[in-house]
Amino acid sequence: MRVEVYYRKKYGDGRADRLLASIKSNGCLPVHSLRFVDVFIIDAVPGMTDDVVHEIFSDPVAQAALIDTCAGTTDLLPEWTYMTEITFKAGVTDPVAITAREAIRNFTGRSLPEKAVVQTAQKYLFQSEKLSKGEAEKLILSLHNPLIQSSSFLSREEWEAGKRFPAHYPHTIQPSPVNVENFDIREMSPDRLLDLSRQRLLALSLSEMDAIRTYLLDEKVQGIRKEKGLPEGITDVELEMIAQTWSEHCKHKIFNATIYYREGEKREKIDSLFKTYIKKTTDLLSKKKKYLVSVFHDNSGVIRFDNKTLLCFKVETHNSPSALDPYGGAITGIVGVNRDIIGTGIGAKPIWNTNVLCFGYPQTPQEQLPPGILHPLQIMSGVHKGIIDGGNQSGIPVVAGGFLFDESYLGKPLVYCGTGGVLPASIGGRRSWEKKILPGDLAVMTGGRIGKDGIHGATFSSRALDDASPTSAVQIGDPITQKKMLDFLLEARDMGLYRAITDNGAGGLSSSLGEMAELSGGVKINLDDCPLKYQGLAPWEILVSESQERMSLAVPPENIREFLSLSEARDVEATVVGEFTDSGYVEVLFNKEYVGLLDLDFLHDGLPPMSLNAEWTENGRPDRQIEADRDVSADLYSLLSEPNIASKERLVRQYDHEVQAHSVVKPFTGNTSSGHSDGAVLKPRYDSRRGITVTHGICPRYGDIDTYHMAMCAVDEAFRAHIALGGSPETAAALDNFCWPDPVESGTNPDALYKCAQLLRSCRGLHEACMAYAIPLISGKDSMKNDARLGGKKISVRPTLLISLVGIIEDIRHAQTTDFKHPGDAIFILGTTNGELGGTRYERVAGGQFGQCPRVEPEGAMKLYRSLYRANSKGCIASCHDISDGGLAVAVCESSIGGGLGADICLDGIPGNDTASMEDARLLFCESPSRFIVTVPKEKVKAFRSIMKKCPYALIGKVTGEQSVAIGRKGTTIASLPLEKLEAAWKKPIA
């Protein structure tokens, strides 16, 4: 049975309208109309009458459903010239089909037989008299990802000649050989060892392969292997498990390496960037930051919100998968980091999502892209939809984040996905953040089944993207399945049915059970018992597959019956796949025989340390002079419409900000809710006025000059946004996420020493800024191979550091927004203006180089932040907006747009370094950090000045009822800008 569903003419289809608009704006192809048809292919399912089909698959008011009839033949749809049908390839998760199977089962009351087929496809009907067949085929290529989807294509002439799409698509996969391979590496030459690593996509170096060989040569190891019936060599199961565990993604080898740093005549040895700069920061601050609970060793960082509630926060990257399949990479990124929260302690509840998404410029001409690289718009569209579906369908709001555009992200996008959650401080009398596993506890896997999707995901992310990147690394998330699993697990948690939990992320069962085994002292895994999506997976594939929506748990034997009964009642699959032991080994069985046996100590601590060299050279940049007659009005309009500054409202509105009803300050603010917020304010508990802020800091272009200052500015940006929202300067915690080009020396990476030095300096800047502001680091992640080699061209990302911050706001009634509130309110600038334009948005708009980048002066900044916090707590502030991208002028315009009010600004008297002689453009557009625009009601000005008297600040104007922004200096008006034109520039579509 084939069911085709489409929207009736009078209702339209927003999906088709959006796609048609995108086609017309991006490719200028002559497509006149476009219709979507949702296709469901059903076979060997009893009880599927026409009435059942219409009830399950269509809305009888808005949609029409055809059974075994092509929608293209009906006169209810417009004429069409070309038709295509796109479906997932065999082995790729089809989330809608999973939901359809469940709907059929629930409606009919019958379980589907083993041979039942439920598949989905998406049909597009294009109408165009001028579109050639070649252009149509090119268009279809842009609508799907050939790595995970198949497409069928017909012209109208072919249809009328009798050609048809398949009745249903083959959903079988080529089975892998189920026999276990053995590699006797004990006598292999170095070249052969490296060949083996490359051929199996292990991403292991020669020293790492040699460490495995040395382990196998140990007589004790050989003795126990013989006892268990294992070969003298190593099995593919063992080799793959070691590769996943030792991957850069899992072990952070570069951050734990010994680095020999050189700067001129200065020489320095750093043993582990992580220990020296990141962990040390938190260790030093932990004595006075009593809200720290659990840092660095669990799936997310945990801090105390109050005596009853803990907060968890984690940010991950999903760059490499998103380069291959933008939608799949992003949706698995967001649902994957959701699982990090679920797997924190004995199970937390996600209550907010964030994302920062980095792409090439949307206007990049297609001809400038190397072969094999998707256009930035195609990547952005897929990633954005993945984030939408992952968050909205999971019932978790997206509360903060951003979009960033840079030419260096053409090869690999950077997809930062974050989730925060709440955890009761104690559950059943037990401290909720502590994990415990006893020998004899059962190893249970729950959620989705295991497939070929996501195989080699961890090792793939540890390599540069190239033409040989594995399609098997791509995954498709199913947020509906995960939402059911989350609800089930929280219920099981509160019933005390399991002892420990973690997510099946990178490396699948090999990582989750391998890590959990450290708590008990060993684990025995029975691969025969693992539930599979389909037969034909090799044992090593079952072990390392990263198929989504899965968690691993330790369940006491006495609780297993009740646990499995609850899972069945909640329609969530759960299976016992092994047992935790105290043997000291990871034991893996298949067909009741040993196929793997690895010493736990070797698996987790046997990785040989990496040694790297780093060499720093100062970046001497010219400081271009600004023309005396420069048109600052034209510059301001250009800045407001620059993709990094322009409003992303069209994109952000598609996220759900309100679900769960925790949001206080949302992404947009003001009387028309179109102003730009500095971050989010949430109320985690309904019975408390205490709240939290969620903010970010990221400024990669400063790293062209010095990544030390880039890192300090990123910390300052996240922290000052927290302060701008009304957050306490004494209570905040941060996460660091590094995305870097490869800093490891090789023949194909000639500037590795400089990249490594950039990494070290950024860690140093991060440490010093966090120490100055007393912000502990509680979690983080690094992605160190963000290079693409495609079509004979290498593209590396700019070194990029994202700082994500969660802080406390003592009373949400004091939460601040950016929009101007009342005509007559005084406008003050706070902080010191130094005129730095290097690496700024203005530098890109104006062209050329403008010297050094902005630099943080944390001691003075902290005094300012504390004073501003007091002023806000005393009710002196009507609005507050931090000054960041685009400088003072952009901040004023954003606040005016948000409030629908004008402003009259004078640049005289701005505090700073020689501001009286500074060019207008420098005063208006420099990005000196630690600055704010605040508005103060007339009656509060005296009190405000009293609080701020020891800080740099100046009265620069007032809010007006006029619909314009006027800027003056030395008695002369240098710009008078209609608010309508400013808003039009700011809301100009970025694509």
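Residues numbered from 1 in each chain as written. Predicted model: local features only at pLDDT ≥ 70, side-chain atom pairs only at ≥ 80, totals over all residues. Heavy atoms only, no water.

Participant: Looking at this structure, how should I read the sheet that holds strand E5 (residues 117–127)?
Facilitator: The strands making up a sheet associate through backbone hydrogen bonding, with each pair oriented either parallel or antiparallel. Read from one edge of the open sheet, 6 strands run E3-E1-E2-E5-E4-E6, paired in antiparallel fashion. Edge positions in the sheet fall to strand E3 (63–67) and strand E6 (149–155), since each has one partner strand and no second. Each strand of the sheet is rotated relative to its neighbour by a mean of 20 degrees, with strand direction disregarded. In the packing of helix H2 (residues 50–57) onto the sheet, contacts are made with strand E1 (2–7), strand E2 (33–43) and E3, and the angle to E3 comes to roughly 145 degrees. Those strands touched by helix H3 (residues 95–108) are E2, strand E4 (82–88) and E5, and its axis lies near 125 degrees from that of E5. (Pairing = 2+ DSSP bridges. Helix = DSSP H or I, 4+ residues; strand = E, 2+ residues; numbered from the N terminus. Axes fitted to C-alpha atoms, helices over the stretch in contact; angles between N-to-C directions. Contact = heavy atoms within 4.5 Å.)

Participant: Even after reading the chapter, I still don't get the packing of helix H11 (residues 273–285) against helix H24 (residues 752–773), so can you show me in this structure?
Facilitator: For any two helices packed against each other, the geometry is given by the interaxial angle and the distance between the axes. As a packed pair, H11 and H24 sit with axes 9 Å apart at the nearest point and diverge in direction by 5 degrees. With respect to H24, the element H11 is oriented roughly parallel. Residues Leu-273, Tyr-277, Ile-278, Lys-280, Thr-281, Leu-284 and Leu-285 of H11 touch H24, and the partners they reach there are Leu-759, Leu-760, Cys-763, Arg-764, Leu-766, His-767, Cys-770 and Met-771. (Parallel < 35°, antiparallel > 145°, perpendicular 65-115°, else oblique.)

Participant: Got a minute to help me understand the environment of Tyr-215 in this structure?
Facilitator: Its place among the elements puts Tyr-215 in helix H7 (residues 206–216). Between the alpha carbons of Tyr-215 and Phe-602 there is a distance of 7.9 Å; along the sequence they are 387 residues apart. When neighbours within four sequence positions are excluded, Tyr-215 is seen to be in contact with Val-221, Leu-597, Leu-598, Asp-599 and Phe-602. A distance of 3.1 Å separates the side chain of Tyr-215 from the backbone nitrogen of Asp-599, its partner in a polar contact. (Polar contact = N/O pair within 3.5 Å; in protein donor to acceptor, adjacent residues only side chain to side chain.)

Participant: I keep staring at the confidence of the model for the protein chain and nothing clicks. Help me out?
Facilitator: When pLDDT drops low, the exact placement of atoms in the prediction is not to be read closely. Predicted confidence across the protein chain gives a mean pLDDT of 91, with 95% of residues reaching 70 or more. Here residues 458–471 is a poorly scored stretch, pLDDT under 50, and it has 55 contacts once near neighbours within four places are set aside; other chains count. (pLDDT = per-residue confidence, 0-100.)

Participant: Help me out: how do you make sense of the sheet that holds strand E12 (residues 301–304) in this one?
Facilitator: Ordered in space as E11-E12-E13-E16-E14-E15, the 6 strands form an open sheet in which the pairing is mixed. Every interior strand has two partners, whereas the edge strands, strand E11 (292–294) and strand E15 (398–405), have only one. Strand-to-strand, the axes of this sheet are offset by a mean angle of 20 degrees, without reference to chain direction. Docked against the sheet, helix H13 (residues 326–342) engages strand E13 (309–317), strand E14 (349–359) and strand E16 (414–424), running at close to 25 degrees with respect to E16.

Participant: How should I be thinking about a negative patch on the surface in this particular structure?
Facilitator: Side chains of Asp-50, Asp-51, Glu-55 and Asp-68 sit close together on the surface and give a patch of like negative charge. Turning to its location among the elements, Asp-50 is positioned in helix H2. (Patch = residues over 30% accessible without salt bridge, like charges linked within 9 Å, V, L, I, M, F, W, Y side chains within 5 Å. Areas by Shrake-Rupley, 256 points an atom, 1.4 Å probe, with all protein chains shown as cover. Salt bridge = Lys/Arg side-chain N within 4 Å of Asp/Glu carboxyl O. Lys, Arg positive; Asp, Glu negative; His and termini not counted. Charge placed at Lys NZ, Arg CZ, Asp CG, Glu CD.)

Participant: I would appreciate a short explanation of the packing of aromatic side chains in the present structure.
Facilitator: In this description, a pair of aromatic rings is defined by centroid distance and the angle of the planes. Under the counting rule described, the total for this entry stands at 23 aromatic pairs. Where Phe-359 meets Phe-405, the ring centres are 6.3 Å apart and the plane angle is 40 degrees; that geometry is what we call tilted. One end of the pair, Phe-359, is in strand E14; the other, Phe-405, is in strand E15, and 46 residues separate them in sequence. We classify Phe-359 as buried; its relative accessible area is 1%. Each ring, one from Trp-616 and one from Tyr-754, has its centre 5.4 Å from the other, and the planes form 10 degrees; the classification is stacked. (Phe/Tyr/Trp six-rings, centres within 6.5 Å; stacked < 30°, edge-to-face > 60°. Buried < 20%, exposed > 50% of the residue type's maximum accessible area, 1.4 Å probe, protein only.)

Participant: Sorry if this is basic, but what is going on with unusual backbone geometry here?
Facilitator: Residues other than glycine predominantly adopt negative phi, and peptide bonds predominantly adopt the trans conformation. For Leu-201, which is not glycine, the phi dihedral falls at a positive 55 degrees. Phi is positive for Ala-203, close to 55 degrees, though the residue is something other than glycine. Inspection of the secondary structure assignment puts Ala-203 in the loop between helix H6 (190–199) and H7. Assessed through its relative accessible area of 28%, Ala-203 is described here as partly exposed.

Participant: Would you take a moment to explain the pairing of E6 for this structure?
Facilitator: Both faces of the sheet carry side chains from a regular strand, because those side chains alternate between them. In terms of burial, E6 is a largely internal element, 5 of the 7 residues being buried. Relative to E6, E4 runs antiparallel, the two sharing 7 bridges. Bridge pairing in E6 places Met-83 opposite Leu-154.

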